[in-house]
Each structure stands twice: as C-alpha cells, then as structure tokens.
Amino acid sequence: MSGAKPEVAHEATDGPAAVASWRDSVPEASATDLENLLGTGVGAAQEQLERNGGFLPFALVVENDGEVRLVAVTPADAQDGSDGDFDADTMISDLTELLRQNRADFRAAAIVCDILLVEEETDAIHVAAEHRDGSVFAAVLPYAANTGTHEWEFGQLAADTSEPTVWVD
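All figures in this text were calculated on a predicted structure; none of them were measured in a lab. Residue indices begin from 1 for each chain and proceed along its sequence in written order. Owing to the predicted nature of the model, reporting of local features is limited to residues with pLDDT of at least 70; listing and counting of side-chain atom pairs is limited to 80 or more, with chain, interface and lining totals taken over all residues. Derived side-chain values reflect all non-hydrogen atoms in the structure, with water molecules and hydrogen atoms excluded from consideration.

**Examining the overall build of the protein**
Logical step 1: Across its full length, the protein holds four helices and 10 strands.
Logical step 2: Ordered by position from the N terminus, the helices and strands of the protein form the series β-β-α-α-β-β-α-β-α-β-β-β-β-β.
Logical step 3: Per-residue accessibility, obtained with a 1.4 Å probe over protein chains only, is compared with the maximum for each type, and a residue is labelled buried under 20%, exposed over 50%, and partly exposed between these values. For the protein, the residues scored as buried account for 37% of the 169 residues in total.
Logical step 4: Contact between two residues is taken to exist if any of their heavy atoms lie within 4.5 Å; hydrogens are not considered. For the protein, contacts bridging at least 24 residues in sequence account for 58% of all contacts bridging at least 6.
Logical step 5: Areas reported here follow the Shrake-Rupley algorithm with a probe of radius 1.4 Å; residue values treat only the protein chains shown as occluding. Roughly 8,900 Å² of accessible area belongs to the protein as shown, and the carbon and sulfur atoms make up 48% of that amount. Strands are runs of DSSP state E lasting at least 2 residues, helices are runs of H or I lasting at least 4, and numbering of each runs from the N terminus.

**Side note on the environment of Met-91**
Logical step 1: Examined against the element boundaries, Met-91 turns out to sit in helix H4 (residues 88-101).
Logical step 2: Residue Met-91 is classed as buried on the basis of its relative accessible area of 1%.
Logical step 3: Through-space distance from the C-alpha of Met-91 to that of Cys-113 is 9.6 Å; in sequence the pair is 22 residues apart.
Logical step 4: Sequence-distant contacts of Met-91, defined by excluding residues within four places in its chain, comprise Leu-56, Pro-57, Val-73, Pro-75 and Phe-86.

**Here we look at the pairing of strand E3 (residues 58-63)**
Logical step 1: Across the six residues that make up E3, a large majority, five, are buried.
Logical step 2: Sheet topology places E3 next to strand E6 (residues 106-117); six bridges connect them, and they run antiparallel. Paired with Glu-63 across the strands is Phe-106, a residue of E6.
Logical step 3: Pairing between strands requires that DSSP locate at least two bridges from one strand to the other. Counting the residues that bridge the hairpin from E3 to strand E4 (residues 68-71) gives four residues, and of these Gly-66 lies at a positive phi of roughly 95°.

**Observations concerning the nonpolar core**
Logical step 1: Take the buried residues of types Ala, Val, Leu, Ile, Met, Phe, Trp, Tyr and Cys, join any two whose side-chain atoms come within 4.5 Å, and each joined set is a nonpolar core. If you look at the biggest cluster of nonpolar residues, it comprises 21 residues, and the most contacted ones within it are Phe-55, Val-112, Ile-125 and Val-127.
Logical step 2: Only helix H2 (28-52), E3, E6, strand E7 (122-131) and strand E8 (136-146) provide two or more residues apiece to this core.
Logical step 3: With six residues, H2 is the largest single contributor of residues to this core.
Logical step 4: Here Val-127 is in contact with Leu-37, Leu-38, Gly-41, Val-42, Ala-110, Ile-111, Val-112, Phe-137, Ala-138 and Ala-139, once residues within four sequence places are set aside.
Logical step 5: Counting 20 residues, the second largest nonpolar core, distinct from the first, contains Ala-109, Ile-111, Cys-113 and Val-166.

Structure, rendered in structure tokens:
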C-alpha cells in the first residue's frame, strides 16, 4: 500500500494539562463522544498498521443513537483498476464532503489518516474529531517500524490543533 502522506508541521499542545484544559471547555457528553472517536480511531489505525503495514484515510461517526460507525471511501485510483499510489489528500476531501452531506445523521465525526510529521521526521496516526456543538479535538500518535523485531513502535499520544470541517458552511 503506497501513497503520498499529508505532511504536517505538528503544532502539538502536549501533555496531560492540554487534554485536561480541553475537556474542561467542552460539555461532558461531547467530550465523551470525541474521546470515544479518538480511541476507536487510534485503535483501528494501529490494527490496520499491524495487519497490512499501512492504512487508508477513514472516518468514524457517532450516530444520533450513540452507535459508532466506520465511513470509508474508495481511492480514485482504485476505481480504474490500478494498484499504484493513491491520493490521501483527495480521499480526505472526499470523506469530509461525505460527512458534511450526511451530518444530520450523526452527532460527532472524526477523520483518521496517516501523516508525516515533518519536524520530527516520523509517521503518525492523526485523528481530528468534531462534535456538532462546535467542540473539536485532535491528536497525533507517532509510530515507526522496528526493523529488529518487525513490530510497530508507538510514541506518546499528543493533542494537536484542529479546525472544524464538517459542521461549517
């Protein structure tokens, strides 16, 4: 699986204090939904990395009844039968548009993608979650392959800056 990863100049707001201050500024129910999406997104991405050596961008939503559902789009290149590279940025745009069009069906959403942290020169799982009440939360989890053990090693989960993309007009 190959493709150009979005490059991000990481603007982390590291540490437990950043997470605590974020949680204090958000309604409890919203924080629970966003944290659920964050945990589910990171876990699903880690599982895909371990199983397939990579993962395509995907989204998760908390439906109005509280159920969490996975949302995915097909890479444009896969539709023409080629096995080559995919455009992650286009997939993220397609996911965002799909979420916007269907936002009445859910109360929170997150987009999960594989990014390159430019300054740290490492790959990372990025989860950007938002709630229909305007609450947003994003986090990054750096990772690298350990060539000696052939297993993935994960760094520290860190809060990241994010802007709403689904509940905007």
